[in-house]
Amino acid sequence: GDLDKVVNLLLSLSGRLARVETALGSLGPHAPAEDKLALREKQRLLVAQLEDAKELKEHMGRREEAVGAMVARYLPAEHLQDYQHFVKMKSALIAEQRELEEKIKLGQEQLRCLRESL
């Protein structure tokens, strides 16, 4: 459960940071200074939050290793490999699911914009 939360947090923060950086890049030279300042402040906060989330993920990795060592004492080699594969795949699948959800959201927004323009 914690793995799901941390991976989703990392993906959410990196997605938000990417959107803020895109918004900053799309501001023209004549954009109001307060808009630029607000976006830079958001960027700074998101970078700090992302660093904190990465530290949390590292802590979870250490905890995962400790749990894996404990599990290794009680499971036969075959089941241990299954457990390790499950843990690795779970992170990858969560990331893939999140990416697909973002693509669906983007597609729905593009569709809405197309409908509005017609």
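- The name an unreviewed UniProt entry gives the chain is SHRM4 protein, with Vireo altiloquus as the organism.
- Quoted verbatim from the Sequence similarities (unreviewed entry) field of the UniProt record, the comment on the chain reads "Belongs to the shroom family."
- You can read under Subcellular location (unreviewed entry) in the UniProt record for the chain the words "Cytoplasm, Cytoskeleton".

**What about the environment of V71?**
Thought 1: When you line up the elements, V71 lands in helix α2 (residues 33-74).
Thought 2: Here the alpha-carbon distance between V71 and M89, two residues 18 residues apart in the chain, equals 18 Å.
Thought 3: If we ignore the near neighbours within four places in the chain, the residues touching V71 are L80 and Y83.

**Section: the pattern of salt bridges**
Thought 1: Inspection of every chain in the model, using the stated rule, returns seven salt bridges.
Thought 2: Among the salt bridges present, the one from R19 reaches E102, with a minimum N-O distance of 3.8 Å. Of this pair, R19 sits in helix α1 (residues 2-26) while E102 sits in helix α3 (residues 77-117), and the two are 83 residues apart along the sequence.
Thought 3: For E102, a relative accessible area of 29% gives the class partly exposed.
Thought 4: Notably, a salt bridge pairs E102 with K105, separated by 3.9 Å at the nearest N-O pair. Here E102 pairs with K105, and both are found in helix α3, just three residues apart, close to one helical turn.
Thought 5: One network of salt bridges, in which partners are shared, links R19, R98, E102 and K105.

Definitions and limits used
- Along each chain, numbering runs from 1 in the same order as the chain's sequence is written.
- Confidence filtering applies because this is a predicted model: local features only for residues at pLDDT of at least 70, side-chain atom pairs given and counted only at 80 or more, and all residues used for totals across whole chains, interfaces and linings.
- Excluding hydrogens and water, the side-chain values take into account all heavy atoms of the structure.
- UniProt positions are given in the numbering used here, feature names are shortened, and annotations may be inferred rather than shown by experiment.
- Where helices and strands are cited, they refer to DSSP runs of H or I of at least four residues and of E of at least two residues respectively, numbered from the N terminus.
- Contacts are assigned to residue pairs that have any heavy atoms within 4.5 Å of one another.
- The working definition used for a salt bridge is a side-chain nitrogen of Lys or Arg within 4 Å of a carboxyl oxygen of Asp or Glu.
- For every residue, the accessible area obtained with a 1.4 Å probe (protein chains only) is divided by the maximum for its type, and the residue is called buried under 20%, exposed over 50%, and partly exposed between those limits.

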